[in-house]
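Residue strings, one per chain:
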Amino acid sequence: MADITGSVPEARSLDIPSMLKEAGITALLVLALTIVMVGFRTIDVPGGISVNYRFEAVAVSVGIAFVGRLILILMRRGRSLPAMLVLGPLVLLQLLALLVPDTFGILQPYPDPVLNWLIVIVSVMLLARATWANWHTSQEFTREQLEKRQDESAAKAQKILGYLGPVLLIGALALPFFFSGDRQMIDIAILVTTYIMLGWGLNIVVGLAGLLDLGYVAFYAVGAYSYALLATHFGLSFWVCLPFAGAMAALAGVLLGFPVLRLRGDYLAIVTLGFGEMIRIILLNWYQFTGGPDGISGIPKPSFFGIPMERPEEGVLSFHSLLGIEYEPVHKLIFLYYLILALALLTNLFTVRIRKLPIGRAWEALREDEIACRSLGVNPRNTKLTAFGIGAMFAGFAGSFFATRQGFISPESFTFIESAVILAIVVLGGFGSQIGVVVAAIVMIGLPEIFRDLQEYRMLAFGGAMVLIMLWRPQGLLAHREPTIRLHPKGGAPEPGEVGTDAPDAGGTPETTAERP
Amino acid sequence: MAEAATILLDVQHLTMRFGGLVAIDDVSFQAEPGQITAIIGPNGAGKTTIFNCLTGFYAPTVGRLALNHPRRGQFLLERMEGYQIAQKAGVARTFQNIRLFPRMTVLENLVIAQHNKLMRASGWTVAGLLGLKRYKDAERQAAEQAKYWLDQTNLTDRADWEAGNLPYGAQRRLEIARAMCTDPVMLCLDEPAAGLNPRESNELNRLLRFIRDEHDAGVLLIEHDMSVVMEISDHIVVLDYGKKISDGNPEYVRNDKNVIKAYLGEEEDDDLPEEVKQDLEKKGLA
């Protein structure tokens, strides 16, 4: 790490007018934004609608923005002591106002406790940072060095997570035993695992092949309707329908793939977005076939490979009578959980394996440079179509699971927001990172479900998390890429960081080349 | 047909129009196996356009591009798709602005170049998914071939680096190694010496001679660096404004009046300042 230059930021002159100007501009911006959105609020009154004025909230927001900006400027200029002196009393006052509301309640900035606590948390974090900076000579990094450090820590995190992978798996397998009485917990686990599977499936298309697909939910819908229709009309069992549903979704993927072969990036995203909407609108309007907005109900639950998981009846073979255990309704849910876990693990195993096969490498090469691929004899058409088809197939599997779990499906379950959430999981987790998808799905689906009590603030936190990740780590949480094939065993040969990337041609010195014929 | 066997590439009446612009105008030339053929000419003469026609990125307006593969017979390149030209006819190319797979490792870049061979070995993915031995052997062989070319280009130490982290000269060498991993009979290099320092340029000359002598591949070369062109070419084709103005061995081309005119202007140009004329005379050009 010798090439990272640590330098003490010199305390630049405390140019108060320019600081006030910058903070003032920020405050003005906040004023312009909040005066309409916060300052006026429409309320229902008898006989129509009326406007409620909330200018005190606007004033508080502007004030917070002004002080906050001032503190940030101070810290940026290496003046952490003044920042601490300003922040410290403010944090104290805030805490007093929140903890002793009877006496100091008047000091609370907003009427809403959640917002107040949020402000306190942010201020405490800033204070901690200022304190840290005051006692440690900080290092300033260029953007590239910062990114490299982040990459290294992500690689480290991934290594640890690699060891944690089996632990997580055991945890996932054992989860129903810890929460066997808690239906809600198992429900959330099923939901999260479904999204993990969808994320892994989309990761093939977006993460490996680099084809930005905004209509992934269409294949999920095709899978769900394939199973629902086959099961309700022909009475076929889940296990017979599952391959069919996958095949139908893969076919839909290839069909979508053909017209968009020549498109890339934004254009591809728009067409796939349109395709997703097309499928939903067809499902909504083809009343005779799909039931339109009424959806399809009474979709049968899966059996345990032909043995029903229902309440035992006299003379009928069932799962419980076979094992000789007491029937409990929650067992059905646990069975569903293991089913989706198995499907998700299948997706993962497949992806991990196929990455190391020529087709997987060709997907990644296609993501990197399509023209170079063509010049090497890689057929871009087949490569893209297989990526679309295989990605869609896993969405189809997940879709039939969704149909069997819900017992009822309608086009409402397959709106664009679903595609966006799945894509967000892949992007936040880090393109192409399997464990990143797990982390992102838990954070994005699991936590909001668990914190349902926070109501609308969970969407605020969701948006905030997205903005923060895009600012600090646009390549995703765990975007470190592990090579699919190695010449030297790991750690045996110098890595770029150790030699220094700007070293002029470290390995190819003329002395070593001279012996060549 | 005895003559055809000694010709690797036979370009006849190649014409490429973009709307009203004629980028290549009725160019014919031949390249022989085991020889380095250079295409030179001032900027905008149509050199890269010829490459793009040969490798299927453009469909020529008029012309016949016949490639005689020593083992697989004759291919008419103008009728084939880009990826088939590399896959079947054995034509590999590099690009003027390097096109590697920057976030994949050096070794992976070379393994992808052997995609079609590995695809067959993996039974179009099925045998590979099942983990059959046949695919594992094929992958090991592919890694060995990659290692061979890494040794030739002095990149073995950095085989597991991301290609994008390599210094510029090494990226150029890697692109050539990657093209050679496709087992080509003709290697098309678009300005391989651009941006190289004299030492790296020398090294490149040695590599190209090695490819010609040891691998029997014909090399087609676009280059501005005359020290490279004159030193290693067996045969030079000169283009100007899309037309062929000279064709022959380096000695012939060097003394061809048309070439001198294209590069330096008319020889009896009285507007030239006195110093320039003297300078030209000193160099024996005027």
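All values derive from a computational prediction rather than experimental measurement.

Parameters and conventions
Residues numbered from 1 in each chain as written. Chains lettered and ligands numbered in written order. Predicted model: local features only at pLDDT ≥ 70, side-chain atom pairs only at ≥ 80, totals over all residues. Heavy atoms only, no water. Helix = DSSP H or I, 4+ residues; strand = E, 2+ residues; numbered from the N terminus. Buried < 20%, exposed > 50% of the residue type's maximum accessible area, 1.4 Å probe, protein only. Contact = heavy atoms within 4.5 Å. Areas by Shrake-Rupley, 256 points an atom, 1.4 Å probe, with all protein chains shown as cover. Pairing = 2+ DSSP bridges. Axes fitted to C-alpha atoms, helices over the stretch in contact; angles between N-to-C directions. Patch = residues over 30% accessible without salt bridge, like charges linked within 9 Å, V, L, I, M, F, W, Y side chains within 5 Å. Salt bridge = Lys/Arg side-chain N within 4 Å of Asp/Glu carboxyl O. Expected span 1.5 Å × (residues − 1). pLDDT = per-residue confidence, 0-100. Buried area = accessible area lost by both parts, 1.4 Å probe. Phe/Tyr/Trp six-rings, centres within 6.5 Å; stacked < 30°, edge-to-face > 60°.

*Asks:* Honestly, the overall build of chain B in this entry has me stumped. Any pointers?
*Replies:* On a plain count of helices and strands, chain B comes out with 13 helices and ten strands. A buried classification covers 54% of the 286 residues belonging to chain B. Here the analysis covers contacts within chain B between residues at least 6 apart in sequence; of these, 63% occur between residues at least 24 apart. Accessible area for chain B stands at about 12,700 Å²; split by element, carbon and sulfur atoms hold 48% of it.

*Asks:* I would appreciate a short explanation of the sheet that holds strand β3 (residues 36-40) of chain B in the present structure.
*Replies:* Two orientations exist for strands paired in a sheet by backbone hydrogen bonds: parallel and antiparallel. Residues and elements named next belong to chain B. The strand order across the open sheet built from six strands is β6-β7-β8-β3-β9-β10, with neighbouring strands paired in mixed fashion. Sheet topology places β6 (91-93) and β10 (243-248) at the edges, where each strand pairs with a single neighbour. In this sheet, adjacent strand axes meet at a mean angle of 15 degrees when their direction is disregarded. Packed onto the sheet, helix α8 (residues 168-180) meets β6 and β7 (186-190) and runs at close to 155 degrees relative to β7.

*Asks:* I keep staring at a nonpolar patch on the surface and nothing clicks. Help me out?
*Replies:* Residues and elements named next belong to chain A. Judged by side-chain polarity, Leu28, Leu31, Leu33, Ile35, Val36, Met37, Phe40, Val51, Tyr53 and Phe55 come together as a nonpolar surface patch covering roughly 960 Å² of accessible area. Among the elements of the structure, α1 (16-37) and β2 (48-53) are those that each provide at least two residues to the nonpolar patch. In terms of residues, the nonpolar patch owes the most to one element, α1, which gives six residues. Residue Leu31 is classed as partly exposed on the basis of its relative accessible area, which comes to 32%.

*Asks:* Is there a simple way to think about the pattern of salt bridges in this case?
*Replies:* Note that side chains of opposite charge can pair when their charged atoms are close. One pass over the full model with this rule turns up 21 salt bridges over all chains. One salt bridge connects Asp151(B) with Lys147(B), and the closest N-O pair in it is separated by 3.3 Å. Of the two residues, Asp151(B) and Lys147(B) both sit in helix α7 (residues 133-152), four residues apart, roughly one turn of that helix. Owing to a relative accessible area of 32%, Lys147(B) belongs among the partly exposed residues under this scheme. For Arg212(B), the salt bridge goes to Asp234(B), with nearest N and O atoms at 3.0 Å. Note that Arg212(B) is positioned in helix α9 (residues 198-215) and Asp234(B) in the loop between α10 (226-232) and β9 (235-240), a separation of 22 residues in sequence. Put simply, Arg355(A), Glu364(A), Arg367(A), Glu368(A) and Arg103(B) are held in one network by salt bridges that share partners.

*Asks:* Hey, could you run me through the environment of Leu110(B) in this one?
*Replies:* Locating Leu110(B) in the fold gives a position in helix α4 (residues 106-112). Judged by relative accessible area, Leu110(B) falls into the buried class, the value being 0%.

*Asks:* Looking at this model, I keep getting lost on α9(B). Mind explaining?
*Replies:* Note that an α-helix has 3.6 residues per turn; residues three or four places apart therefore point the same way. Spanning 18 residues, α9(B) covers 25 Å between terminal C-alpha atoms, matching the ideal 26 Å at 1.5 Å per step. Taken together, the buried positions of α9(B) are occupied by Glu200(B), Ser201(B), Glu203(B), Leu204(B), Asn205(B), Leu207(B), Leu208(B), Phe210(B), Ile211(B) and Arg212(B).

*Asks:* How should I be thinking about the confidence of the model for chain A in this particular structure?
*Replies:* For any part of a model where pLDDT is low, the fine detail of the predicted coordinates should not be relied upon. With 83% of its residues at a pLDDT of at least 70, chain A reaches an overall mean of 79. Scored below 50 in pLDDT, residues 1-11 of chain A makes 19 contacts in the model with residues more than four places away or belonging to other chains.

*Asks:* Teacher, can you tell me more about the interface of chain B and chain A here?
*Replies:* The figure often quoted for interface size is the accessible area lost as the parts come together. With 57 residues of chain B at the contact, the number on the chain A side is 49 residues. In total, about 4,700 Å² of surface goes out of reach between chain B and chain A, with carbon and sulfur atoms giving 60% of it. Three residues stand out in chain B for area buried against chain A, namely Tyr83(B), Asp160(B) and Trp161(B), and they jointly supply 14% of the buried area on that side. Taken together, the connections running from chain B to chain A amount to four salt bridges. Among the ionic pairs, Glu368(A) bridges to Arg103(B), the shortest N-O distance being 3.2 Å. Looking at the side of chain B that touches chain A, the elements with two or more residues in it are α3 (82-89), β6, α4, α5 (115-121), α6 (126-129), α7, α8 and α9 of chain B.

*Asks:* I would appreciate a short explanation of the packing of aromatic side chains in the present structure.
*Replies:* The description of an aromatic ring pair uses the distance of the two centres, along with the angle that the planes make with each other. As enumerated under the stated definition, the model contains 19 aromatic pairs over all chains in all. Between Tyr227(A) and Phe238(A), the ring centres sit 5.3 Å apart and the planes meet at 85 degrees, which makes this aromatic pair edge-to-face. Here Phe238(A) lies in helix α9 (residues 238-257) and Tyr227(A) lies in helix α8 (residues 217-234), a separation of eleven residues in the sequence. The same class applies to Tyr227(A) as to Phe238(A), namely buried. Ring plane angle 85 degrees and centroid distance 5.2 Å describe the contact between Tyr148(B) and Trp149(B), whose orientation is recorded as edge-to-face. Judged by relative accessible area, Tyr148(B) falls into the partly exposed class, the value being 32%. Aromatic ring contacts, followed pair by pair, group Tyr220(A), Tyr225(A), Phe402(A) and Phe414(A) into a single cluster.

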